[in-house]
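An overview of the molecular structure
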Amino acid sequence: MVRVNIRYFAVLRERRGLSEEQIETSAATIGECVNQLVVEHRLGLPVSLIRVAIGTDFADESTPVQEGMQLLLIPPVAGG
Amino acid sequence: MSFILSFEPLALEPREHAEAGGFVSFEGKVRNHAQGRSVILLEYEAYPEMATAQGNELVEEAMERFGLLDARVAHRLGTLNIGDTAVVVQAAAAHRREAFEACEWIMDQIKWRVPIWKRETYADGVSEWVHAGSAPAEPHSDQIRFERQMRLPQVGDVGQTNLQNARVLLVGVGGLAAGSLPPLVGAGIGAIGLVDADLVELSNLHRQTLFASSDAGRQKVERAAAFAKRLRPAIEVETHFEALSETNATRLVDSFDWVLDGTDSLDTKFLLNEVCRKLGKPLVTASVHQFEGQIMTILPDGPCLQCLFPEVPPDHCVGTCATSGVLGVVPGILGAMQANEVIKGILGLPTLDRQLALVDLLTLDVTRLERIFNPKCPICSGSERSSALEWDLQHLPTFDFDLIDIREIDEQPNLKRPHQRIPMTSCYEQTFVRPTVFVCATGRRSFRLAANLRAAGNRHVFSLLDGLCNPALK
Ligand SMILES: [Zn+2]
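Notes on the structure follow. Only a predicted model underlies this, so the values are computations on that prediction, with no experimental measurement involved.

How each quantity is defined
- Residues numbered from 1 in each chain as written.
- Chains lettered and ligands numbered in written order.
- Predicted model: local features only at pLDDT ≥ 70, side-chain atom pairs only at ≥ 80, totals over all residues.
- Heavy atoms only, no water.
- Helix = DSSP H or I, 4+ residues; strand = E, 2+ residues; numbered from the N terminus.
- Buried < 20%, exposed > 50% of the residue type's maximum accessible area, 1.4 Å probe, protein only.
- Contact = heavy atoms within 4.5 Å.
- Areas by Shrake-Rupley, 256 points an atom, 1.4 Å probe, with all protein chains shown as cover.
- 1 Å grid on protein atoms, 1.4 Å probe; cavity = no way out; pocket = protein on both sides within 12 Å on 5 of 7 lines; lining within 4 Å.
- Points joined across faces, edges and corners; volume = space filled by probe spheres on them.
- Nonpolar A, V, L, I, M, F, W, Y, C, P; charged D, E, K, R; others polar.
- Buried area = accessible area lost by both parts, 1.4 Å probe.
- Salt bridge = Lys/Arg side-chain N within 4 Å of Asp/Glu carboxyl O.
- Polar contact = N/O pair within 3.5 Å; in protein donor to acceptor, adjacent residues only side chain to side chain.
- Core = buried A, V, L, I, M, F, W, Y, C linked by side-chain atoms within 4.5 Å.
- Patch = residues over 30% accessible without salt bridge, like charges linked within 9 Å, V, L, I, M, F, W, Y side chains within 5 Å.
- Pairing = 2+ DSSP bridges.
- Axes fitted to C-alpha atoms, helices over the stretch in contact; angles between N-to-C directions.
- Left-handed = near helix turned anticlockwise from the far one by under 90°.
- Phe/Tyr/Trp six-rings, centres within 6.5 Å; stacked < 30°, edge-to-face > 60°.
- Lys NZ or Arg CZ within 6 Å of the ring centre and 35° of its normal.
- Domains from an automatic or database assignment.
- Expected span 1.5 Å × (residues − 1).

Helix and strand counts for chain B come out as 15 helices and 22 strands. Here chain B, with 474 residues, has 51% of them falling under the buried criterion. Within chain B, counting contacts between residues at least 6 apart in sequence, those at least 24 apart form 68% of the total. Put simply, chain B shows about 22100 Å² of open surface, and 52% of that area lies on carbon and sulfur atoms.

In structure tokens, the structure reads:
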């Protein structure tokens, strides 16, 4: 298990009910990690529609999860 | 003839219309003062052929714009006394509001567009020719209007001229446009295009502050155009009362230099992204959700919206202003940021390209994210992306090349490899015959320089990805 920090944006923040949390995960990749969160908290978006950034850079979902990572979960936003 | 010029006192009889619920007749009178001077006599003169042609044109435009049943104008020429009627405007419509508004609109347009001059004779015997209305701004009045921003070294005469030559298209005239339109018009953008198929609704007004309560039920594009004209009469405004679609997108976007996405539909945002990429137009896209927003400037050679989200998501799964709610000030701020991006882009100042900014207005945190280019993007995976990436080098090339550090002379640390230092601004004045790789601190300035030099026809210039952080320089 590793600890990672998660930040939620837009509709994900709304559905999760918070902006930021620290979690423990056994996921090997960041894609898997996001998928677990989507299922656990019924975030209502398929993983393929959520982009993940590590720190300040977007990253591929196959990137391995590492202890202390800061993951930003960014959904599309439609409002104008 | 709906526009009549007459040397005789005006007498315009109303025409009967069974469907008309409102008939408004307005008379403009000669009054006894102008700009604090006492007027005793007035004389109107026109270039009749042109005045009649332009007058008829604007009456027809009013018929269409306000859905009138009838509209007529009679304008006096010759000498008039105090109290005489100088102009009569009549409008008949199904409802009174259109009739009232059409009369006012026609009067404003006559003053701006129709070549009629008046000579005022004052009590002191002096007389002066003046244009009948507030004529489009003359150069010296623009000088006053834009004085405060032209004082900025980044604007000056050249920047102001560039702004006034620029044509900017706003797709979606809602909450984001309420933030972007006023500063764009204020800055002196030469022409604005407005695209929206919606009518103003009461539930829009908490965030769409271009509109007045009395605008409910009217076309958003038409009311926004009226707003722009009031702020700067000399601006050119083009309205399109239609939704952006695959069939009209190219036609609507083509004549503009910059495009602002102010829509609230993901389908439209992705369509706009695709069309702007195809036509090589820079696009500033933004969207809002509750207390936060996303904004990104998409340049023809940078990453695009579909790099960010390769799959076009359906609207319903991400929440909208209608379902999730939005604080009115949020789109206003994001819209103003869009205008800021366009203005900076036109002035050649750094923009948010190659980054996505997430703006949280509850905490005032701005998070900027990079590395948006995505091999899964169906739009950029074609030739344009590869050509962009070909000059954004991951490694130093194996062929013989010159390495140029384009940072300012005092920026540290120095490169460890043999190189020349030529600050970026000076690079624009040089010709690079040999293959040349530019380096800066992060790879951002060098990318822009290489892109601009390539756009100017220079084929052998490259940028080093990540600049000084690139492992090849360690
Ligand atoms: Zn793309």
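So that's the structure; there's more coming.
Under the definition given, this model contains 1 cavity of 30 Å³ or more. In this structure, the largest cavity spans a volume of roughly 90 Å³. What lines the largest cavity is a set of 15 residues, and nearest its centre among them are Val77 of chain A together with Thr285, Ser287, Gln294 and Leu305 of chain B. Those elements giving two or more residues to the lining of the largest cavity turn out to be helix H9 (266-279), strand S14 (283-289), strand S15 (292-298) and helix H10 (305-308) of chain B. Of the residues assigned to the lining of the largest cavity, the class counts are 11 nonpolar, 3 polar and 1 charged.

The interface is formed by 27 residues belonging to chain A together with 42 residues belonging to chain B. Counting each side, the surface lost to burial between chain A and chain B is near 2600 Å², with a carbon and sulfur contribution of 57%. The largest per-residue losses of area from chain A upon contact with chain B belong to Phe58, Ala78 and Gly80 of chain A, which jointly make up 25% of the total buried on that side. The interface formed by chain A and chain B contains 2 salt bridges. With its nearest N and O atoms 2.8 Å apart, the salt bridge here joins arginine 13 of chain A to glutamate 292 of chain B. Counting every contact that joins chain A to chain B gives 17 residue pairs in polar contact (both at pLDDT 80 or more). Broken down by secondary-structure element, the contributors of at least two residues to the side of chain A that touches chain B are helix H1 (10-16), strand S3 (51-54), strand S4 (57-58) and strand S5 (70-74) of chain A. Taken together, the residues that form the side of chain A that touches chain B break down as 13 nonpolar, 6 polar and 8 charged.

Residues Ile6, Leu73 and Ile74 of chain A are the most contacted members of the largest nonpolar core, which totals 61 residues. Here this core gets 6 residues from one element, more than from any other, and that element is H9 of chain B. With sequence-adjacent residues up to four places away left out, isoleucine 74 of chain A is seen in contact with Phe9, Leu12, Leu49, Ile50, Arg51, Ala53 and Phe58 of chain A together with Gln294, Phe309, Leu356, Leu358 and Leu369 of chain B. Formed by 47 residues, the second largest nonpolar core is a distinct cluster that contains Ile192, Leu194, Leu260 and Val326 of chain B.

The next thing to look at is a nonpolar patch on the surface. Judged by side-chain polarity, Phe291, Leu327, Val329, Ile333 and Leu362 of chain B come together as a nonpolar surface patch covering roughly 430 Å² of accessible area. Topologically, valine 329 of chain B is positioned in helix H12 (residues 329-347).

Residues and elements named next belong to chain B. Taking strand neighbours across the sheet as the criterion, the 4 strands line up as S1-S5-S7-S2 in an open arrangement whose pairing is mixed. With one partner strand each, in any of the chains shown, strand S1 (3-6) and strand S2 (22-29) form the two edges of the open sheet. Each strand of the sheet is rotated relative to its neighbour by a mean of 10°, with strand direction disregarded. The pairing of strand S5 (residues 70-76) with strand S7 (residues 85-93) spans 6 bridges and is classified as antiparallel. Along S7, the bridge assignment pairs alanine 71 with alanine 91. Lying over the sheet, helix H1 (residues 48-66) contacts S1 and S5, oriented at roughly 145° with respect to S1. In the packing of helix H2 (residues 96-113) onto the sheet, the strands contacted are S1, S2, S5 and S7, and the crossing angle to S7 comes to about 145°.

This next bit is on the packing of helix H6 (residues 175-187) of chain B against helix H7 (residues 220-231) of chain B. Residues and elements named next belong to chain B. As a packed pair, H6 and H7 sit with axes 9 Å apart at the nearest point and diverge in direction by 35°. Crossing geometry of H6 relative to H7 is assigned as right-handed. Contacts from Leu181, Pro182, Val185 and Gly186 of H6 reach H7 at Ala224, Phe227, Ala228 and Leu231. Looking at side-chain class alone, the contact of H6 with H7 contains 7 nonpolar, 1 polar and no charged residues.

A separate point is the sheet that holds strand S19 (residues 402-405) of chain B. Two modes of strand pairing occur in sheets, parallel and antiparallel, and in both the strands are linked by backbone hydrogen bonds. Residues and elements named next belong to chain B. On the basis of which strands lie adjacent, the open sheet formed by 5 strands has the order S18-S22-S21-S19-S20 and parallel pairing. The outermost strands of the open sheet, each flanked by one partner alone, are strand S18 (392-393) and strand S20 (420-421). Where helix H15 (residues 444-455) meets the sheet, it contacts S18, strand S21 (436-439) and strand S22 (461-464), and its direction lies at approximately 165° from that of S22.

Residue and element names in this part refer to chain B. Scanning the entire structure with this criterion turns up 2 aromatic pairs over all chains. Residues phenylalanine 432 and phenylalanine 438 carry aromatic rings whose centres are separated by 5.3 Å and whose planes lie at 80° to one another, so their mutual orientation is edge-to-face. Each member of the pair, phenylalanine 432 as well as phenylalanine 438, carries the same accessibility label: buried. When the ring centre of phenylalanine 447 is taken as reference, the NZ or CZ atom of arginine 354 above it lies at 3.8 Å.

A few words now on the layout of surface pockets. All names here are of chain B. The volume enclosed by the largest pocket comes to roughly 830 Å³. For the lining of the largest pocket, the secondary structure elements donating two or more residues are H12, helix H14 (424-427) and H15. By residue number, the principal contributor to the lining of the largest pocket is H15, which donates 6 residues. Structurally, the lining of the largest pocket is a two-domain feature, drawing no fewer than three residues from each of domain 2 (141-370) and domain 3 (390-473).

Side chains that are three or four residues apart share a direction in an α-helix, a result of its 3.6 residues per turn. Under the 1.5 Å per step criterion, the end-to-end length of H15 of chain B is 17 Å for 12 residues, consistent within 8% with the ideal 16 Å. Looking at H15 of chain B, one finds that the buried residues are Ser446, Phe447, Leu449, Ala450, Ala451 and Leu453 of chain B.

We now examine the pattern of salt bridges. Residues and elements named next belong to chain B. Taken as a whole and assessed by the stated rule, the structure comprises 31 salt bridges over all chains. Ionic pairing is found between arginine 113 and glutamate 57, a salt bridge with its closest N-O pair at 4.0 Å. In this pair, arginine 113 is assigned in helix H2 and glutamate 57 in helix H1, connecting sequence segments 56 residues apart. By relative accessible area, which is 24% here, arginine 113 ends up partly exposed. Here glutamate 61 makes a salt bridge to arginine 65, at a shortest N to O gap of 3.7 Å.

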